[in-house]
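Secondary and tertiary structure notes
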Amino acid sequence: MSTPGPRRSCPAQRAASAEMPPGLSPPVQQRAPGEGCRGQHPASPWLFCEDDHVLLGGRCSQSREHRHHMVHGLQEAAERGRKVFQKIANTLKGKLEVAKSILADEQERMVMIQEEEQNFREMIESEYRIRFRLMIEDEMKFWSLPGAVSNLTPREASLSQLSTCAAELKEKAQETLQKLKDLARENMNKLKESEVRLADQVCSLHKTIAELEKKCGQHPSTLLENARSSLERSEALLLQCLEPAQITDLSSCQIAGMSEVLKGLQRPLTLDPNTAHPCLVLAEDLRSVRLRKVQQAVPGNPGRFDFSATVLAAQSFTSGRHYWEVDVDKAAKWQLGVCRDGDMAHACGQKVLLMGCVMGTDYTLWAFPPLQGVHSREQMHHVGVFVDYECGQIAFYDVTKGALIYNFSYLPFQGALRPIFSLCIPSGSTDSDSLSLRLPPVSSCNITVGPQSSLG
């Protein structure tokens with residue numbers, strides 16, 4: 001969390017002085033209502049001293065005490081005061097609407113923080129399940145290799161080490177979940193305190209606005225008699241800043257590190273030119289795609305995307321675990337994920353996607369379905385995609401930082417899945433956006449790929 005810096009004046013503070021005309025601003029020397037020169041003023045005053053905020057009779061205005069003060073007729077002073085009260089009331093009404101809006105936002109954030117906590121909890125649990133399964137499978141693959149040691153001593157040592165690693169994974173998961181719970185509780189407490197404070201401010205604003213509007217309709221002498229106290233209360237509200245609670249993003253509980261086993265699952269995918277939108281240009285090796293402003297003349301194909309700058313991988317899979325990496329740092333807007341294979345897959349919306357968008361210095365990430373924002377402080381450069389078909393899981397990773405971005409669990413996969421890659425159709429003069437598939441380590445290239453090949 002950031003350390004609060006020096007408090008700056010809010011718009012209400014900056015406007016406060018403009019709302020207080022000199023003639024009705026509280027003087028340094030305070031005087032009780034009715035107190036004047038040599039005791040009480042006449043019972044039927046017809047003048048008003050702006051310096052002392054008191055009602056005067058004609059003779060009192062010539063006294064030594066008021067001789068050099070700003071004195072106005074009762075009707076004139078009342079009209080001036082009425083305009084000031086109405087102007088302040090209007091300003092406070094605007095501030096009241098702001099306070100109500102922030103209060104509604106705080107109440108909405110309290111609901112959202114609970115949903116975010118549940119969402120992050122599911123992501124954390126899902127990621128650790130993935131890591132545990134990959135760790136177990138990697139160990140089983142090692143012992144199934146030809147020439148693996150078959151006597152019990154190394155195997156028992158390996159099982160002991162595996163058990164230790166599993167215990168460490170479980171402990172890390174519990175620590176991360178506890179950190180998430182504590183942070184969510186801390187955020188909720190801050191939001192509740194903010195809700196109470198804003199509710200009090202709304203109540204005070206309602207009360208003061210009603211008081212000022214009532215004063216505007218009063219008899220001149222009644223309006224001016226307690227003007228000072230009304231102005232002081234109004235000024236205090238004008239100077240109050242309306243600020244939402246500062247909470248910590250739950251993404252700070254995100255899991256760092258990626259399973260090394262993923263590299264062993266990396267697939268050498270290629271792109272299918274028969275599915276590419278006409279504004280996409282594929283490289284000769286079919287491992288990268290870029291945008292061009294003018295669409296190409298391409299053969300008609302029922303499987304070709306014609307409404308979005310999208311292309312599918314040539315490979316599909318109906319089982320197993322798969323992982324691939326994509327360079328996205330040369331694309332302002334991109335989408336990665338999987339879709340169900342078939343001519344109508346892209347039309348029916350059978351997709352699971354991670355979407356990135358760069359606009360100036362702002363960078364946003366979105367996951368789908370359903371469409372929801374994903375917290376990210378920096379632009380992505382390399383994104384890894386992991387699919388576990390049998391478990392219905394898809395996970396996206398920031399390969400540069402080796403950290404989980406987002407994952408989906410319990411997806412009802414049916415039929416063949418194909419990796420999907422999208423850019424944004426160019427609307428300006430540039431067409432330089434591109435995506436590139438990263439080659440896996442040499443040791444991972446243990447399968448043969450080609451157009452329309454199947455992985456599984």
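What you are looking at is a predicted structure, and each value in this text was computed from that prediction instead of being measured.

Okay, the pattern of salt bridges next. One pass over the structure, following the stated rule, counts 14 salt bridges. Between E211 and R233 there is a salt bridge, with its nearest N and O atoms 2.3 Å apart. Taken together, the residues E211 in helix α4 (residues 152–216) and R233 in helix α6 (residues 227–239) connect sequence positions 22 residues apart. For E211, a relative accessible area of 23% gives the class partly exposed. A relative accessible area of 39% places R233 in the partly exposed class. Here D341 makes a salt bridge to R418, at a shortest N to O gap of 3.2 Å. Here R418 lies in strand β18 (residues 417–423) and D341 lies in the loop between β11 (333–340) and α8 (345–348), a separation of 77 residues in the sequence. Relative accessible area serves as the criterion here: at 31%, D341 is assigned to the partly exposed category. Since its relative accessible area comes to 5%, R418 is described here as buried.

Pairing is antiparallel across the open sheet formed by seven strands, whose spatial order is β6-β7-β19-β10-β15-β16-β17. In this open sheet, the two strands that pair with only one neighbour each are β6 (280–282) and β17 (403–408). Pairs of neighbouring strands in the sheet enclose a mean axial angle of 20°, with direction left out of account.

Moving on: the pairing of strand β13 (residues 362–368). Here β13 shows a clear split, with Y363, L365 and A367 buried on one side and none of D362, T364, W366 and F368 buried on the other. Two strands pair when backbone bridges link them, and strand β12 (residues 351–359) and β13 are joined in this way by seven bridges, in the antiparallel orientation. Of the residues in β13, the one forming a bridge with C357 is T364. Counting the residues that bridge the hairpin from β12 to β13 gives two residues, and of these G360 lies at a positive phi of roughly 65°. Both β13 and strand β14 (residues 372–374) contribute to a ladder of three bridges, which runs antiparallel. In the strand pairing of β14, W366 is matched with G373. The hairpin turn running from β13 into β14, its antiparallel successor, is three residues long.

Turning our attention to the environment of A104. Topologically, A104 is positioned in helix α3 (residues 74–144). For the pair formed by A104 and E195, sequence separation is 91 residues and the distance between their alpha carbons is 8.7 Å.

Right, let's get into the pairing of strand β7 (residues 288–291). With burial as the criterion, only one face of β7 is covered, namely that bearing V289 and L291; the residues S288 and R290 on the opposite face remain uncovered. Alignment of β6 against β7, held across three bridges, turns out to be antiparallel. Its bridge partner being in β7, L282 is matched across the sheet by V289. Hairpin connection from β6 to β7: five residues lie between these consecutive antiparallel strands, with L286 at a positive phi of about 60°.

By the secondary structure assignment, E225 is in helix α5 (residues 220–225). Separated by 147 residues in sequence, E225 and A78 have C-alpha atoms that sit 9.9 Å apart.

Conventions we followed
- Numbers given to residues run from 1 along each chain, matching the order in which its sequence is written.
- Where local features are concerned, this predicted model is filtered to residues with pLDDT of at least 70; where side-chain atom pairs are given and counted, the filter is 80 or more; whole-chain, interface and lining totals use all residues.
- Note that the side-chain values use all heavy atoms of the structure and ignore hydrogens as well as water.
- The salt bridge criterion pairs a side-chain nitrogen of Lys or Arg with a carboxyl oxygen of Asp or Glu, the two atoms within 4 Å.
- Secondary structure counts use DSSP, requiring at least four H or I residues in a row for a helix and at least two E residues in a row for a strand, with both numbered from the N terminus.
- The buried label goes to any residue with under 20% of its type's maximum accessible area, the exposed label to any with over 50%, and the partly exposed label to all in between, with areas taken from a 1.4 Å probe on protein chains only.
- When DSSP finds at least two bridges between two strands, those strands are taken to pair.
- Note on method: axes are straight lines fitted to C-alpha atoms, helices fitted across the in-contact stretch only, with angles between N-to-C directions ranging 0 to 180 degrees.

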